[in-house]
Amino acid sequence: MSSVKVAVRVRPFNNREIGRQAKCVISMKDKTTAIQHPKQSKDVKAFNFDYSYWSHTNEQDPNFAGQSKVYQDIGEEMLQHAFEGYNVCIFAYGQTGAGKSYTMMGKPEPRDQQGIIPQLCEELFDKIKTQESKDLQFSVEVSYMEIYCERVRDLLNPKNKGNLRVREHPLLGPYVEDLSKLAVTSFNEINTLMDEGNKARTVAATNMNETSSRSHAVFTVVFTQRRHDEMTDLSTEKVAKISLVDLAGSERANATGAKGDRLKEGANINKSLTTLGKVIHALAESSQSGSKKRKKSDFIPYRDSVLTWLLRENLGGNSKTAMIAALSPADINYEETLSTLRYADRAKQIVCKAVVNEDPNARLIRELKEEVMRLKELLKSEGLADLVESPASPSDGGQRIMTPRNEDAMEQLRASEKLIAELNETWEEKLKKTELVKQEREAALAELGVALDGTGTTIGVCSPKNTPHLVNLNEDPLMSECLLYYIKPGIMKVGSTHADIILSGPHIRDHHCTFESREKNGEIIVTVTPEKSATIFVNGKTVEGPLLLKTGHRVILGKNHVFRFNHPEQARQEREKTPSTETPGTVEAQLGEPVDWTFAQMELLEKQGIDMKLEMEKRLLAMEEQYRREKEEADQLLEQQRLDYESKLQALQSQVERASLLSGCTTPEYSTDDEQGESEPSWTEKEYQLAQWAFIKWRYHQFTSLRDDLWGNAIFLKEANAISVELKKKVQFQFVLLTDTMYSPLPPDLMPPDVASDQPYPRTIVAVEVHDLKNGATHYWTLDKLRQRLELMREMYDSTAEMTTTSAADCPVESLTGGDPFYDRFPWFRLVGRAFVYLSNLLYPVGIVHRVAVVSEKGDVRGWLRVAVQHVTDDDAPDCTGGVCQTGTARIAFNQEELQKKIDAENEAEANIPSGEELRIVEGQDDEEASEASAAAAAAAAAGGDGQKTPAEEEGEEEDSWVQFMKEHPHLKLGTTFTFRVTLLQASGIPPEYADVFCQFNFLHRHDEAFSTEPLKNTGKGPPLGFYHVQNISVVVTKSFIEYIRSQPLVFEVFGHYQQHPLHMQAKEEVIMQRRMPRTFPQSLPLAKPVPSPRHGRVPTTPNLNMTHCSYDLLGWWEICELGPSGEYIAAVVDHSDEKPCQGVFMLHQGIQRRIRVTLVHEPGQDVVWKGVKEVVIGRIRNKLEVKGPDGEVSALSLNICSQGYLYPPHDLRVFYQFEAAWDSSLHNSKLLNRVTPYREKVYMTVSAYIELDNCAQPACITKDLCLTIHSRDARLSQPRSLRSLFGSGYYRSPDSNRVSSVYELSLKHSSPEGSPDGASDGKGPGSVQRRRRRVLDTSTTYVRGEENLAGWRPRGDSLIFEHQWELEKLTRLEQVERVRHLLLLREKMGIVSGEEGKEIRWILGEGDDDTVDRQITLLDKCLKLWSMEPLQLYVEAFLLTNLMKDTDVDDDDDDDPAGMIRSVSTPVLSSTLVENSPQHSPAKSPVPPPPLGAADSEGPLPEGVAVPVLPPLPPDSTDDNPDYQALYIPAVEEIRVSPVVSRKGYLNFLEEKTSGWIKRWVVVRRPYVYMYNNEKDPVERGLINLATAQVEYSEDQQAMLKTPNTFSVCTKHRGFLLQTLGDKDVHDWLYAINPLLAGTIRSKLARRAAYLRI
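In this text, all values refer to a predicted model and were calculated from it rather than measured experimentally.

**Student:** Got a minute to help me understand the overall build of the chain in this structure?
**Tutor:** Helix and strand content of the chain: 38 helices and 63 strands. Expressed as a percentage of the 1655 residues in the chain, the buried residues total 42%. Counting only contacts in the chain whose residues sit at least 6 apart along the sequence, the fraction spanning at least 24 positions is 68%. Of the roughly 92,500 Å² of accessible surface on the chain, a fraction of 51% belongs to carbon and sulfur atoms.

In structure tokens form, the structure reads like this:
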């Protein structure tokens, strides 16, 4: 280790300092440099350095140090280190104009003015010439670079004009990529390169220096020495790297007068020098700490600057480093000079660890050879030259007298020569030596009886060739002859301790016996001698004295250790005496059986007088008799159990067969005979085209096969969940449908193998959604993977059941099955969602900033992305400021064939779909009109067929269109290079559970090339995530590229690291939702299930899959009436004080007769005609909200119907149907109803009403959960007042409030396909084609083991298909919205007005014939007009205006003709209304509601002026002509829960149809319904509007025409309302609550209008 050598050099005054009459403040003496403060003469600071050069005066001064002096002290030393093989570095530091460049480079003329670099290079080649020989070769390479504004430039290669990249290699360290390294052979060449590099270096003039260096220059010389040793025939190499650095000077902006680029250059120079100072400071601190443990604060910031990064090895690394600090002597530069001195003083403390750069083996050989030469010289000096030449010759070695010194020298010489020989030994020689050692080792082991294979591995034990030994015999044949005990010459002791052969056992003594091996008459004999009282048997006889052993003797030591004595020499002699095949001399041949452990034991027993065979035979007979008796008993018991199980299995099998027959989707009354023949339909050509289109679409949807997969694999899913619960695995399985869409592409492992690549519709598959609650992950399995994993689950379950509790704890199940089949690996980053950005703005190069939604695979919006897309020209420079990340330009190729194939596959579905005009079917059209329409269509098709164009003409037209396109879009000329920029700006709204978020995007056809951003921390708070990622994309313009940017988007995928707790989102989702729910919301009550009827059984609840004919919103009023003192039934008091789960609590008296009164209110229509109440059932009496336990017919009570019929309230055109049923609560035999309800307790019950409709095949079931409390008979009950009512204005005490309300949706579904009623096989009726239902194998009801632990879990069925259809529809709408949003944004950006966009937008919509494109443009115009909310004159306005004209005085001479307008706009709407209400839609027998059943059921006769809705007469094609024809529907009633979220509430003025005045009502908007009340205190809903099927309209023209401000209209399917707000400011608030999209559109239009007016 060596410290950095530091020298300081002071220059003379320059012109600037002389002009300012500066004084010298620097003084030097020997190695000490002192600086004096210009204003305080006593303030002198002194510094000690390795060298202090006084260059302030001229050469006449004896202390003057010139260029040669500096080089002699520093340059020659460093050059010598380079020849020794060390890395060398010399760098100059100081302020600008201090003389750094002069010291390093100097001046070319005269020669004494040359700096260190040229002098060092010249002397380098001088030494090379003097030292170069045959065995020593030299090579020199140079490189010259500058670091300008933290960018590296090559000064020797003019082609490298750009900035070079700095990289780091694990072994080489930091290096500059593509930096030129030029080989030079003379000083003239290197001098020329230096001159060229200096000319290319960046310099500029400042106030302090006319030729100030504006960059750091690094001149590197790579010096290589190659030496060839003839004696060892080895080549060694030493490489020295000489780095000569000229640093740019530090400066102050006010002193140099830097501005503009000079100021920017100075800032970068100071930045790099500051980093260099930090590095020197850190290295100095690290060197002072010595070998202490390094702290975190000792981090050296090499990478903060390119300069320090490249000089890392020279600063405190493998280098000999010298630093020259250039000083200014002027007092005006005192601060800078003092800073330079302190800088140099710090650098003096740095310690470098320089090593010679050569091969370690070569260095070792070189050092050994030097040691050998030294020893030889020593011996020669002692007169032992002959021994040196031939150290092995013993000619006179015995006569010489060797001194100890000479002996040590000879020993060291031999050792060194031996080491040199070993190092010079070749690889082949080493292999031969190793092989010899291996052969010797094998021979030694073979002598000991150890056998080896060809690779040297021990494979067994064999008998030694000469040594006597003992071989063990064991009861297990595989354990016999595995132990060998060699009997060596002499005496060997056997015992349990301190013996040569140690044995253990109860009969082995400490000193048991001895074996003596000795030689007698040339033969080796072995004698065994037992110790006193030791047990030894030889051949079954007890040994009491010494005994001579022979080969084959059986030796038993103690009771358990059995051996066979082997003497190889004796055995060889016996074989020689009897050389036959059987070798009768051996023991086995003599005795006729093998000598093993059994033989030795039997021999011992026989010799001891014990008949072992007889004893064994007796014992065996007794065990056989016992086994026979036990087996007979077990067989009898097993046969009895088998018979019992067979009877149980037969009973269960019969039950399963009956259940499977009843588990089909259709009931027996709706099923048809499969063997019934079908008649050939007579279709027109148009119907054939429609059928072909339907078949193609059905072929790719395959919802029937999806149902088969769902119901057929339900048993496997249920079994997997049951095993998961029993094994306590936190995994849940459920069916899911996955479709390959743009937002949810299927991964390759889920894609079916039979899917065609060019199919026009996306493929939907049935998969298994695996919820891993342990790790918080979700996986998707195919059905095949589920079955495979289920097999492993069964094995795991069986193995777990077989294991005991103790063994299960010691041995995990995973070790038995090879892994856990329940879990899969989950990725670190999860997909948050996808977004799409269309590129059609590149057709007119217009830059657009998109704000696109990030949509998950389920169709949920998970955030937003802001992306900018713009065309880039050659003049546009990349913007790298403000945090923008520029990643260069990527080149993308668009293959015409592959891309066109993908686009054609996607558009094939649309091509096969007939146009909207072709699909239009008018209900009620007779056969003649249909035939005329088909004939006209055929004629048009024939005419079009005659006018079809040839392929050549079509190709020519297409070519002309491309030529026209090129003229209109010159920037997209085919074959040219088009560059556009995609800038990913921000991401907002990303859920906070995703911590690290990054985004990547790619083209649809290039999934392998994705452009990704760096991950950003996401907290969900604060500003949006700023990616600011810029990607330039260069494309060669082709037709496929133009097609792509016209219709295809860029795909953006957002990923994030999911950091929530594993049980946070999945396992505890419901708990968290309840915890987050505001306290003001009512407690949720599950939707009530119908109570089964005791008389008629349960209504079939199988979901009807047919199409819905129509749907109505029902408003139900529920009352419980008690018998009053006057003999009339009075409605019981209802507590509406708080928002109850059942909308109120009935307060009843104990022991009084009661009735249940139900009123149903809905809009008039011919489809819903109430025929009568079939039954009213009450059940599920409980005191909790939840329903526990199964339903039973015993717990349900059927009520007697007292009255039923229609009501006709005045001034209300809605249909009112009311019925009453008598209720005796004592018949329930429930203690909850037979006692007074305790305080804070409630009683809940479920009421189901089965009502028959005139045109339905089964009754509709309306169910409601009621909440009540029982009070004493004499209690005075009144409505309790809530805390809010105490501070309100009055209290509502209307008797109509003693009721609770509920909302239902009544859907009438076809019992058979539309146009194909049952029994219409004779060709009469609307259709004669009858569709047969398929039977589906339902395995969901099959019992599996552990099903009772699933707690009511069921596999998903047909409802999953309908939900998935809605998800697909939602994804399709999102995709369409993004496309239209892009078109609108492009239209606004280009400033296109109405009428001008046809030509421009034609290329965006796509190619095709003129009719298709015109139709698409027309459709787009309609969408734009709808979204612009232009007034739609609906029929309701006609009715409203008619009533308004009656009340207001309108002058007949007015210019406007509202009546004419009303007639013009109402005619087509009314005609369409008649079509909707035509009998073809509702072929009911009784179109008009029946009259009231009795006076008690009605509220009186109809008053005058109230019109009863009269329906049009039935056409001739109705039920009058076909008495056998009757359309039956299946009613489906679903209760709608009132949403707890209130969008807005307040008073509104209503004006309805056929009314003449405004009505003020209290309105509450709870989407998707609007609820109407009489006033603010009214707790009962009086009416409702379904916003899902209503249309909201707001028009200023309409308000001006009506002369009524603040109005807007709401039109439903049955009537229209005109609403008026109480203030001007409330209009938009109400519109936003009712229709947010409309409100936003209106605000946008008003804002644009205000901006236009301001302009």
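**Student:** Just checking my understanding: could you explain the confidence of the model for the chain for this structure?
**Tutor:** Low pLDDT means the predicted coordinates in that region are not meant to be read closely. The share of residues in the chain with pLDDT of 70 or more is 71%, and the mean pLDDT across the chain is 75. Within the model, the stretch residues 909–947 combines pLDDT values under 50 with 19 contacts to residues more than four positions away or in other chains. Within the model, pLDDT remains below 50 along residues 1393–1408, and this stretch shows 35 contacts once partners closer than five positions in the same chain are excluded.

**Student:** Please explain the pattern of salt bridges as it appears in this structure.
**Tutor:** Any two side chains of opposite charge can pair, given that their charged atoms come close. Under the counting rule described, the total for this entry stands at 51 salt bridges. A salt bridge links Glu625 to Arg628, with the shortest nitrogen-to-oxygen separation between them at 2.3 Å. Of the two residues, Glu625 and Arg628 both sit in helix α17 (residues 612–661), three residues apart, roughly one turn of that helix. Exposure remark for Glu625: the relative accessible area of 35% places this residue in the partly exposed category. Overall, the relative accessible area of 39% leaves Arg628 in the partly exposed class. Here Glu719 and Arg794 are joined by a salt bridge, their closest N and O atoms 2.9 Å apart. With Glu719 in helix α20 (residues 714–726) and Arg794 in helix α21 (residues 783–802), the pair connects residues that are 75 residues apart, well separated along the chain.

**Student:** Hey, could you run me through the packing of helix α37 (residues 1626–1634) against helix α38 (residues 1636–1654) in this one?
**Tutor:** Each packed pair of helices is defined by two parameters, the angle between the axes and the distance between the axes. Axis separation between α37 and α38 bottoms out at 5 Å; the angle between their running directions is 140 degrees. The pairing of α37 with α38 is recorded here as oblique in orientation. Between α37, through His1628, Asp1629, Leu1631, Tyr1632 and Ile1634, and α38, the contact on the second element is made entirely by Pro1636, Leu1638, Ala1639, Ile1642, Arg1643 and Leu1646. Residues that form the contact of α37 with α38 fall into these classes: eight nonpolar, one polar and two charged.

**Student:** Could you clarify how one ought to interpret the packing of helix α4 (residues 116–131) against helix α5 (residues 187–200) in this entry?
**Tutor:** Packing of α4 against α5 leaves a shortest axis separation of 9 Å and a crossing angle of 160 degrees. Here α5 runs roughly antiparallel to α4, going by the angle between their axes. In the crossing of α4 with α5, the sense of the turn from one axis to the other is right-handed. Contacts between α4 and α5 pair Ile117, Pro118, Cys121, Glu122 and Phe125 from the former with Phe187, Ile190 and Met194 from the latter. Class assignment of the residues belonging to the contact of α4 with α5 gives a composition of seven nonpolar, no polar and one charged.

**Student:** Would you mind showing me how to read the nonpolar core here?
**Tutor:** A general trend in soluble globular proteins is that nonpolar side chains are found buried together. Membership of the largest hydrophobic core comes to 54 residues, with the highest contact counts inside it found for Leu865, Phe980, Phe1003, Ile1033, Phe1041 and Phe1052. Non-local contacts of Phe1052, meaning those with residues more than four positions away in its chain, are made with Gly833, Arg834, Ala835, Val837, Leu865, Val867, Val982, Leu984, Cys999, Gln1000 and Phe1001. Phe49, Val152, Val218 and Tyr334 belong to the second largest nonpolar core, which has 50 residues in total.

**Student:** Can you walk me through a negative patch on the surface in this structure?
**Tutor:** A cluster of like negative charges, contributed by Glu955, Glu958, Glu959 and Asp960, occupies part of the molecular surface. Topologically, Glu959 is positioned in helix α26 (residues 951–968). The class of Glu959 is partly exposed, set by a relative accessible area of 43%.

**Student:** Help me out: how do you make sense of the environment of Met410 in this one?
**Tutor:** When you line up the elements, Met410 lands in helix α12 (residues 404–424). As a C-alpha pair, Met410 and Lys376 span 34 residues in sequence and 8.7 Å in three-dimensional space.

**Student:** I would appreciate a short explanation of the environment of Arg891 in the present structure.
**Tutor:** Following the sequence through the fold, Arg891 ends up in strand β38 (residues 885–892). When the C-alpha atoms of Arg891 and Ser1034 are compared, they prove to be 4.8 Å apart, with 143 residues separating the residues in sequence.

**Student:** When you look at the side chain of Gln119 in this model, what are you seeing that I'm missing?
**Tutor:** Structurally, the position occupied by Gln119 is in helix α4. With relative accessibility at 15%, the residue Gln119 sits in the buried group. Within polar-contact distance, the side chain of Gln119 engages the backbone oxygen of Gln114 at 2.7 Å. When near neighbours in sequence (up to four residues on either side) are disregarded, Gln119 contacts Gln67, Ser68, Tyr71 and Gln114.

**Student:** I would appreciate a short explanation of the sheet that holds strand β22 (residues 484–486) in the present structure.
**Tutor:** Remark on secondary structure: sheet strands pair via backbone hydrogen bonds, oriented parallel or antiparallel. In space, the six strands of this open sheet follow the order β22-β21-β31-β30-β27-β28, with antiparallel pairing throughout. Among the strands making up the open sheet, the edge pair consists of β22 and β28 (541–542). Pairing of strand β27 (residues 536–538) with strand β30 (residues 554–557), which is carried by three bridges, proceeds in the antiparallel orientation. Bridge pairing links Phe537 to Ile556 in β30. Helix α16 (residues 597–608) rests against β21 (469–473), β27, β28, β30 and β31 (561–566) of the sheet, and its axis sits at about 75 degrees to β30.

**Student:** Even after reading the chapter, I still don't get the sheet that holds strand β32 (residues 731–739), so can you show me in this structure?
**Tutor:** On the basis of which strands lie adjacent, the open sheet formed by three strands has the order β32-β33-β34 and antiparallel pairing. Whereas interior strands pair on both sides, the edge strands pair on one side only; in this sheet they are β32 and β34 (777–781). For this sheet, the mean inter-axis angle between neighbouring strands, taken without regard to orientation, is 30 degrees. Where strand β33 (residues 764–772) and β34 come together, five bridges link them in antiparallel fashion. Paired with Asp772 across the bridge in β34 is Ala777. Packed onto the sheet, helix α19 (residues 703–712) meets β32 and β33 and runs at close to 35 degrees relative to β33. Its contacts with the sheet place α20 against β32 and β33, and it is angled at close to 150 degrees to β32.

**Student:** Sorry, what's going on with unusual backbone geometry here?
**Tutor:** Note: most peptide bonds trans; most residues except glycine with negative phi. In this model, Arg1567 is joined to Pro1568 through a cis peptide bond whose omega is 10 degrees. Mapping Pro1568 onto the fold places it in the loop between β58 (1559–1566) and β59 (1569–1573). Even without glycine at this site, His1211 takes up a positive phi of about 55 degrees. When you line up the elements, His1211 lands in the loop between β51 (1197–1207) and β52 (1215–1223).

**Student:** How should the side chain of Glu1053 be read in this particular structure?
**Tutor:** Among the secondary structure elements, Glu1053 is positioned in strand β44 (residues 1049–1058). At 3.1 Å, the side chain of Glu1053 and the side chain of Arg834 are in polar contact. Beyond its immediate stretch of four places on either side in the chain, Glu1053 contacts Leu831, Gly833, Arg834, Phe998, Cys999 and Gln1000.

**Student:** Help me understand the packing of aromatic side chains, please; the structure alone is not making it clear to me.
**Tutor:** By convention here, two paired aromatic rings are described through the distance between centres and the angle between planes. Scanning all chains against the criterion turns up 26 aromatic pairs. Consider the rings of Phe83 and Phe223, whose centres lie 4.7 Å apart with planes at 65 degrees: the pair is edge-to-face. Of this pair, Phe83 sits in helix α2 (residues 67–84) while Phe223 sits in strand β15 (residues 216–229), and the two are 140 residues apart along the sequence. Across this residue pair, the class does not change: Phe83 and Phe223 are buried. Taken together, the ring pairs in this structure connect Trp1170, Tyr1206, Tyr1217 and Phe1219 into an aromatic cluster. Over the ring of Phe49 we find Lys348; its NZ or CZ atom is 5.6 Å from the centre of that ring. The lysine or arginine in question, Arg1154, covers the ring of Trp1223, its NZ or CZ lying 5.5 Å from the ring centre.

What counts and how
- Residues numbered from 1 in each chain as written.
- Predicted model: local features only at pLDDT ≥ 70, side-chain atom pairs only at ≥ 80, totals over all residues.
- Heavy atoms only, no water.
- Helix = DSSP H or I, 4+ residues; strand = E, 2+ residues; numbered from the N terminus.
- Buried < 20%, exposed > 50% of the residue type's maximum accessible area, 1.4 Å probe, protein only.
- Contact = heavy atoms within 4.5 Å.
- Areas by Shrake-Rupley, 256 points an atom, 1.4 Å probe, with all protein chains shown as cover.
- pLDDT = per-residue confidence, 0-100.
- Salt bridge = Lys/Arg side-chain N within 4 Å of Asp/Glu carboxyl O.
- Axes fitted to C-alpha atoms, helices over the stretch in contact; angles between N-to-C directions.
- Parallel < 35°, antiparallel > 145°, perpendicular 65-115°, else oblique.
- Nonpolar A, V, L, I, M, F, W, Y, C, P; charged D, E, K, R; others polar.
- Left-handed = near helix turned anticlockwise from the far one by under 90°.
- Core = buried A, V, L, I, M, F, W, Y, C linked by side-chain atoms within 4.5 Å.
- Patch = residues over 30% accessible without salt bridge, like charges linked within 9 Å, V, L, I, M, F, W, Y side chains within 5 Å.
- Lys, Arg positive; Asp, Glu negative; His and termini not counted.
- Charge placed at Lys NZ, Arg CZ, Asp CG, Glu CD.
- Polar contact = N/O pair within 3.5 Å; in protein donor to acceptor, adjacent residues only side chain to side chain.
- Pairing = 2+ DSSP bridges.
- Phe/Tyr/Trp six-rings, centres within 6.5 Å; stacked < 30°, edge-to-face > 60°.
- Lys NZ or Arg CZ within 6 Å of the ring centre and 35° of its normal.

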